[in-house]
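# Residue-level structure breakdown
Take a look at the letters that make up each chain.
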Amino acid sequence: MFRADLHCHSTFSDGTLTPIELLDLAKKQELSGLSITDHDTFDAYAVAVPAAKERGILLGTGIEFSCTHKAMSVHILGYDYLLDHAEIREFCQKHKKRRVERNRQILANLAKIGFLIREEELDKFGEKEKTVGRPHIAQLMVEKGYVPSIKDAFQSFLGEGKKCYAPGESFSVTDTIALIHRAKGKAFLAHPHMLEGAKRIRDLLSLPFDGIECHYAKFPPEKEKKWLDLAKEKKLLISGGSDYHGAMKDYITLGCSWVNEETFHRIFQNLP
Ligand code: AMP
Ligand code: ZN
Ligand code: FE
Ligand code: FE
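Report follows, based on the coordinates. What you are looking at is a predicted structure, and each value in this text was computed from that prediction instead of being measured. (Residues numbered from 1 in each chain as written. Chains lettered and ligands numbered in written order. Predicted model: local features only at pLDDT ≥ 70, side-chain atom pairs only at ≥ 80, totals over all residues. Heavy atoms only, no water.)

From N to C terminus, the protein includes 10 helices and 8 strands. For the protein, the spread of C-alpha atoms along the principal axes amounts to about 55 × 45 × 40 Å. If you take every contact in the protein between residues at least 6 apart in sequence, the share linking residues at least 24 apart comes to 71%. When the accessible area of the protein is evaluated, it comes to approximately 12,500 Å², of which 54% is carbon and sulfur surface. (Helix = DSSP H or I, 4+ residues; strand = E, 2+ residues; numbered from the N terminus. Contact = heavy atoms within 4.5 Å. Areas by Shrake-Rupley, 256 points an atom, 1.4 Å probe, with all protein chains shown as cover.)

Have a look at this one:
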């Protein structure tokens, strides 16, 4: 049976498997298709494109951008965009800068309550080439014994609105969607259940999104129905994936959420 997981992260952002390891795992899980949606980078594709071909896996281009709409944090999945598009490349660079500054702010907030992490300690995750964010900071907090788990780090300190949280520079949802469209891609609203309040979601969906992520992680079917109905009503495409992060979120397996062959080909018309 054709199954494609359209949401996962590699070591180029906050996943713990390299792109090759992800593809090997995809093969082992008998997935036919995959999209690697690293936060703010498509660098995984340089190695992933030839490796996917070797393994007979259909690989569609993907990325996950962190944006803001009316003070709420929104993740946008970009699919089927052109990999060598200059504007996407520049936009990723801007996001990288935002993260350096934001991580600095978060570390300063942590220092105020006696949790000491130096900026250089984050280098082990990315040497400034990869996307480094809160999960990496959370991992260091665990290693240093400041918190028992990554989950606790988010719950008490790093989660949105918690005492050491910093939003960083904001990028608009409208601009991000327009940019993805200029790169011939499609923009999907990621994990809509994380945005509380139906009115806010409807407000967001008045923007020119192409689709909604309806199948997500370990969602039970009754929870997915709400999003499938909304996609139908708004005439939007549907997508789905596990949001696999490897050991960073050890309760999620690659392929636990997926889309079928028809849905895959509706989204991806320009495989790299
Ligand atoms: P950032 O990109 O730095 O804003 O961090 C966001 C990422 O942190 C998400 O994509 C998740 O991978 C992870 N994350 C968010 N909330 C939690 C949580 N409560 N527990 C574990 N990981 C989380
Ligand atoms: Zn993540
Ligand atoms: Fe996300
Ligand atoms: Fe994600």
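This part covers helix α7 (residues 173-182). Listed in full, the buried residues belonging to α7 are Val173, Thr176, Ile177, Leu179 and Ile180. The buried residues of α7 occupy one face: seen down the axis, they fall within an arc of 160°. N-capping of α7 is provided by Ser172, with a side-chain oxygen placed 3.4 Å from the backbone N of Thr174. Within two residues after α7, Lys184 carries a phi angle of roughly 65°, on the positive side. (Buried < 20%, exposed > 50% of the residue type's maximum accessible area, 1.4 Å probe, protein only. Arc of directions from axis to C-beta. Polar contact = N/O pair within 3.5 Å; in protein donor to acceptor, adjacent residues only side chain to side chain.)

If you walk through the whole model with that rule in mind, you get 16 salt bridges. The shortest N-O distance in the salt bridge between Glu119 and Arg104 comes to 3.1 Å. One end of the pair, Glu119, is in the loop between α3 (86-112) and α4 (123-126); the other, Arg104, is in helix α3, and 15 residues separate them in sequence. In this structure, the salt-bridge partner of Glu121 is Arg118, at a minimum N-O distance of 3.9 Å. Within the structure, one salt-bridge network assembled from shared partners comprises Arg118, Glu120, Glu121 and Lys144. (Salt bridge = Lys/Arg side-chain N within 4 Å of Asp/Glu carboxyl O.)

Attention now goes to the coordination of the iron ion (ligand 4). Distances from the iron ion (ligand 4) to its protein donors, namely His7 (NE2), His9 (NE2), Glu64 (OE) and Asp243 (OD), fall within the range 2.1 to 2.3 Å. Given 4 donor atoms and angles of 76 to 164° at the metal, the environment of the iron ion (ligand 4) is assigned as irregular. Between consecutive donors of the iron ion (ligand 4), the numbers of intervening residues give the motif H-x1-H-x54-E-x178-D. Separating the iron ion (ligand 4) from the zinc ion (ligand 2) is a distance of 4.4 Å. Owing to a relative accessible area of 0%, His9 belongs among the buried residues under this scheme. (Donors = N, O, S within 2.8 Å, 3.2 Å for Na, K, Ca; no water. Tetrahedral: all angles 85-135°; square planar, octahedral: opposite > 155°, others 65-115°.)

Taken in spatial order, the 5 strands line up as β4-β5-β6-β7-β8 in an open sheet, and their pairing is mixed. Pairing within the sheet leaves two strands with one partner each, and these edge strands are β4 (62-69) and β8 (237-241). The mean inter-strand angle of the sheet, taken between neighbouring strand axes irrespective of direction, is 40°. Where strand β5 (residues 72-79) lies against strand β6 (residues 186-189), 4 bridges are found, and the strand directions are antiparallel. (Pairing = 2+ DSSP bridges. Axes fitted to C-alpha atoms, helices over the stretch in contact; angles between N-to-C directions.)

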